[in-house]
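Secondary and tertiary structure notes
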Amino acid sequence: MPEIDFTTATAEQIAAVEPGEFIRIVKEMSDKDVKEVMESGNRGPIVDAIFRRMPELFRPDRAGSTTATTHWSITGRPDGGADEWTVRFADGTCTTVPGHDGDSTLSLAMSPVDFAKVITKSGNPVMMFMTGKIKAKGDLGLAANIANFFDIPKV
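Treat the numbers as computed from the prediction; the structure is a model and nothing was measured. Counting starts from 1 at the beginning of each chain's written sequence and moves along it residue by residue. Thresholds applied to this predicted model are a pLDDT of at least 70 for local features of residues and 80 or more for the giving and counting of side-chain atom pairs; totals over whole chains, interfaces and linings are not thresholded and use all residues. Hydrogen atoms and water are omitted, and side-chain values are computed over all heavy atoms in the structure.

Let's shift gears to the overall build of the protein. Put simply, DSSP H or I for four residues or longer makes a helix, DSSP E for two residues or longer makes a strand, and each gets a number counted from the N terminus. If you tally the helices and strands in the protein, you get eight helices and five strands. Ordered by position from the N terminus, the helices and strands of the protein form the series α-α-α-α-α-β-β-β-β-α-α-β-α. As defined in this context, the radius of gyration uses C-alpha atoms, and a globule is described by 2.2 Å times the residue total to the power 0.38. Taking 2.2 N^0.38 as the reference for a compact globule, 155 residues should give roughly 15 Å; the C-alpha atoms of the protein span a radius of gyration of 15 Å, in line with that estimate. Expressed along its principal axes, the backbone C-alpha trace of the protein runs to roughly 40 × 30 × 25 Å. All accessibility values rest on the Shrake-Rupley procedure with a 1.4 Å probe; residue burial counts only the protein chains present in the view. Split by element, the accessible area of the protein, about 8000 Å² in all, is 53% carbon and sulfur. The positive charge centre, built from 17 side chains, and the negative charge centre, built from 22, are 5 Å apart in the protein. Neither His nor the chain ends contribute to the count of charged residues, in which Lys and Arg are positive and Asp and Glu negative. One atom stands in for each charge, and that atom is NZ of Lys, CZ of Arg, CG of Asp or CD of Glu.

A few words now on the pairing of strand β1 (residues 68–74). Of all seven residues in β1, seven are buried; the element is thus mostly enclosed. Under the scheme applied here, a residue whose accessible area is under 20% of the maximum for its type counts as buried, over 50% as exposed, and between as partly exposed, the area being computed with a 1.4 Å probe on protein chains only. Taking every second residue as pointing to the same face, both faces of β1 are buried, with A68, T70, W72 and I74 on one and T69, H71 and S73 on the other. Two strands make a pair as long as DSSP finds a minimum of two bridges between them. Examined bridge by bridge, β1 and strand β2 (residues 83–90) share seven bridges and lie antiparallel to one another. Paired with W72 across the two strands is W85, which belongs to β2. With five bridges joining them, β1 and strand β4 (residues 106–110) adopt parallel strand pairing. Across the sheet, T70 pairs through a bridge with L106, a residue of β4.

Right, let's talk about the nonpolar core for a bit. One finds F6, F22, F51, F89 and F150 to be the most contacted residues of the largest nonpolar core, which totals 46 residues. Sorting elements by how many residues they give to this core places helix α4 (residues 43–57) first, with seven residues. Throughout, a contact is declared for two residues whenever any of their heavy atoms are within 4.5 Å. Sequence-distant contacts of F150, that is, excluding residues within four places in its chain, are made with M54, L57, F58, R59, R62, F89, C94 and K121. Residues belong to one nonpolar core when they are buried, are Ala, Val, Leu, Ile, Met, Phe, Trp, Tyr or Cys, and are joined through side-chain atoms within 4.5 Å.

What makes a patch is a set of residues exposed beyond 30% relative accessible area and free of salt bridges, joined within 9 Å when like-charged and within 5 Å when nonpolar (Val, Leu, Ile, Met, Phe, Trp, Tyr). Salt bridges are identified by distance alone: a Lys or Arg side-chain nitrogen within 4 Å of an Asp or Glu carboxyl oxygen. A surface patch of nonpolar side chains, about 460 Å² in accessible area, is lined by V126, M127, F129, M130 and L140. Sorting elements by how many residues they give to the nonpolar patch places helix α7 (residues 125–130) first, with four residues. Along the chain, L140 turns up in helix α8 (residues 140–145). A residue is classified by how much of its surface remains accessible, and L140, at 39% relative accessible area, is partly exposed.

Encoded structure:
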């Protein structure tokens, strides 16, 4: 598969990138490149593709009996706002919906660069929280373990 340029790709091309390839591309990008892409017109399709893939990568065996509603805010949108998503864990499933829906067990807010580090497991979320790069409110134990609920492809 040819290398995809996230700044010029169509929403359909972004959605078609396999999770392992997506993570490989993001891991190879510098923080500056990630920031640039997330300031482009493709920010929405990229964030959308990430959250819509979460249920595919979810590992119920790792989540156990966890029942939680998490609200995610990816800050730094070009209009000054944030991309907001709800990720729910219940009965061994993971579901995602755009926007903040319902009461949250955990709310997370981070920049696009820090979000890229969290989803590719190239950053330490606990250290990122302790240094203020990730803002978390609610169940901090869940915050420390949530990345383990997903089978992030190794690249």
